[in-house]
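# Structure assessment
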Amino acid sequence: MFRKIIAILMMLTLCLFALPAFAEDDATVTAVGTGTVTLTPDRAVFTAGVTTQDTSVMGAQVANAAAMQSVIDDLKSLGIAAEDIQTSNFSVNPLYDYSATSAAEQQKVIGYTVSNTVTVTVRTLDRLAAFLDSAMAHGANQIYGVNFESSQSAAAYDQALATAAQEALRRATLLAKAIGRDVGDVVSIGEANDVY
């Protein structure tokens, strides 16, 4: 089963209250805390692409539009909502004859390639393989970038952030007490995060 992990590293620097034995009153203590939350993905996102070639831009574009429409119609018929299918790239490029022997002939345009990709969000993970198979069967000749996501990522991130801050504060307080000091105001907070 796939898992998504959000890990946050929090660095906290706090003032130390001065004691009579210490002349300086600007001493600080810095501690690092971590917060980690593991999520089970509840959706996936993949990119489906159609690439076509023809001797004319119009021919390649017409063929591409027909193939992509077939892919989109099929995905919708399988239950993917229209708003979960978004065009992510469209490009037209010339084709050159690199097999020609002369440089002049290699620069000659012999056709055009049209590429069109859509980003698809799948909200029923148990049907992901069926969606991928069907997209390929109905005209997609490229499938890539399958990523797993959770609709709870924002809440999990906040939870990991709070846990990291609390852990950093706990460690800073422990360090201060170990040298007979009390912590004061927070001087700085730094955050680093990772999602995998």
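Look up: the structure comes first, before these words.
Heads up: these notes are all about the structure in this document. (Residues numbered from 1 in each chain as written. Predicted model: local features only at pLDDT ≥ 70, side-chain atom pairs only at ≥ 80, totals over all residues. Heavy atoms only, no water.)

## Comments concerning the overall build of the chain
What the chain contains, in helices and strands, is four helices and seven strands. Walking the chain from its N terminus toward its C terminus, one meets helices and strands in the order β-β-β-α-β-α-β-α-β-α-β. Taking all 196 residues of the chain together, 32% fall into the buried category. At a minimum sequence separation of 6, the contacts of the chain that also span at least 24 residues come to 78%. In the structure as shown, the chain presents an accessible area of about 11,200 Å², 55% of it carried by carbon and sulfur atoms. (Helix = DSSP H or I, 4+ residues; strand = E, 2+ residues; numbered from the N terminus. Buried < 20%, exposed > 50% of the residue type's maximum accessible area, 1.4 Å probe, protein only. Contact = heavy atoms within 4.5 Å. Areas by Shrake-Rupley, 256 points an atom, 1.4 Å probe, with all protein chains shown as cover.)

## What to know about the side chain of T117
Looking at where T117 falls in the secondary structure, it is placed in strand β5 (residues 109–122). Note on T117: relative accessible area 4%, which makes it buried. Excluding its chain neighbours within four sequence positions, the residues that come into contact with T117 are T47, A48, G49, M68, Q86, T87, S88, N89, Q142 and Y144.

## Here we look at helix α4 (residues 153–178)
Here α4 contains 26 residues, and its C-alpha end-to-end distance of 37 Å stays within 8% of the 38 Å for a straight helix at 1.5 Å per residue. Among the residues of α4, A156, A160, A164, E167, A168, A172 and A176 are the ones counted as buried. One or two residues past the end of α4 sits G180, with phi positive at roughly 75°. (Expected span 1.5 Å × (residues − 1).)

## Overview of the sheet that holds strand β4 (residues 85–96)
If you walk across this open sheet you meet the four strands as β4-β5-β3-β6, and the pairing is antiparallel. One side of each edge strand has no neighbouring strand; the edge strands of this open sheet are β4 and β6 (142–149). Here the strands of the sheet are splayed against their neighbours by 15° on average, with no regard to which way each runs. In this structure, strand β3 (residues 43–54) lies alongside β6, joined through six bridges in antiparallel fashion. Bridging across to β6, A44 finds its partner in F148. Set on the sheet, helix α3 (residues 128–137) makes contact with β3, β5 and β6; between it and β6 the angle comes to about 160°. (Pairing = 2+ DSSP bridges. Axes fitted to C-alpha atoms, helices over the stretch in contact; angles between N-to-C directions.)

## Some words on the pattern of salt bridges
Applying the stated criterion to the full structure yields five salt bridges. Between E149 and R43 there is a salt bridge, with its nearest N and O atoms 3.1 Å apart. Of the two residues, E149 sits in strand β6 while R43 sits in strand β3, which places them 106 residues apart along the sequence. Assessed through its relative accessible area of 27%, E149 is described here as partly exposed. The salt bridge involving R170 is made with E167; its shortest N-O contact spans 2.9 Å. On the criterion of helical spacing, the pair formed by R170 and E167 is a turn pair, its members being three residues apart in helix α4. (Salt bridge = Lys/Arg side-chain N within 4 Å of Asp/Glu carboxyl O.)

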